[in-house]
Amino acid sequence: MKFQNIIMCFSLVLMLSCGSSERVITDEGKVYEVKGNTIKNDGNNVTKNLSAEEKEAINTVLERKENAKKAFDKKQKELEDAIEEQENIQEAAENKQKELEEELETLEDSLKESQDARDNYATIKARYNDKRNKFRKLKKEGKLSPNDIEDWKEKLEKIKEDVNEAKNKL
């Protein structure tokens, strides 16, 4: 992102400095300002004083400069596109990571619920077995009246329903 901002600032400065006229430095080291078909040197119009070879040399330098600017702009655009594509890839990767983390959390919750259901089933089943064994022992010893036997059977039936319900949750 910082690189993209630097490129944008550099391009803005470059465009502002160029304006509507182009500054050309020839191979001989002379500085000319070209605006349309007018060529100036030190603020003086020298278009008519230059030979055809000098004009061509200036135009060649100007053309190379424009080609270099076009190449620079093209490369800048490619870099900006590559940066944008990289940012999109990074965003997609972050989104995928969030999805995977949510999926993992869901699986962990499911595993915890499953473990809780198993623990609950084991606890209820153990309670049922304990009550059933106690009922059998009391019945065998003859310590239960017929009303007590009915009460115990109702309790055991209720606990057995709880066991079946817990088993179904598994």
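Definitions and limits used
- Residues numbered from 1 in each chain as written.
- Predicted model: local features only at pLDDT ≥ 70, side-chain atom pairs only at ≥ 80, totals over all residues.
- Heavy atoms only, no water.
- Buried < 20%, exposed > 50% of the residue type's maximum accessible area, 1.4 Å probe, protein only.
- Helix = DSSP H or I, 4+ residues; strand = E, 2+ residues; numbered from the N terminus.
- Pairing = 2+ DSSP bridges.
- Core = buried A, V, L, I, M, F, W, Y, C linked by side-chain atoms within 4.5 Å.
- Contact = heavy atoms within 4.5 Å.
- Salt bridge = Lys/Arg side-chain N within 4 Å of Asp/Glu carboxyl O.

A.B. asks: What am I meant to see in the pairing of strand E2 (residues 31-35) here?
C.D. replies: Along a regular strand, successive side chains alternate from one face of the sheet to the other. The two faces of E2 differ: Tyr32 and Val34 on one face are buried, but Val31, Glu33 and Lys35 on the other face are not. Linking two consecutive strands that pair antiparallel, namely strand E1 (residues 22-25) and E2, is a turn of five residues; a positive phi of about 95 degrees is found at Gly29 within it. Examined bridge by bridge, E2 and strand E3 (residues 38-41) share three bridges and lie antiparallel to one another. By the bridge assignment for E3, Glu33 is matched with Lys40. Connecting E2 to the antiparallel partner E3 that follows it, the hairpin turn spans two residues, and Gly36 within it adopts a positive phi of roughly 65 degrees.

A.B. asks: Any chance you could explain the nonpolar core here in plain terms?
C.D. replies: Tyr121, Ile124, Tyr128, Phe135, Leu138, Leu144, Ile149, Trp152, Leu156, Ile159, Val163 and Ala166 form the largest nonpolar core, which has twelve residues in total. Mapped by element, the contributors of at least two residues to this core are helix H2 (52-141) and helix H3 (146-169). The residues touching Tyr128, leaving out its near neighbours within four places in the chain, are Leu156, Ile159, Lys160 and Val163. Within the second largest apolar cluster, nine residues are counted, among which are Val34, Val46, Leu50 and Val61.

A.B. asks: Teacher, can you tell me more about the pattern of salt bridges here?
C.D. replies: For side chains bearing opposite charge, pairing can occur when the charged atoms are close. Applying the stated criterion across every chain yields a total of seven salt bridges. In this structure, the salt-bridge partner of Lys65 is Glu22, at a minimum N-O distance of 3.4 Å. Of the two residues, Lys65 is situated in helix H2 and Glu22 in strand E1; the sequence distance between them amounts to 43 residues. The closest approach of N and O atoms between Asp162 and Lys158, which form a salt bridge, is 4.0 Å. Of this pair, Asp162 and Lys158 both sit in helix H3, separated by four residues, roughly a single helical turn. Judged by its relative accessible area of 23%, Asp162 falls in the partly exposed class.

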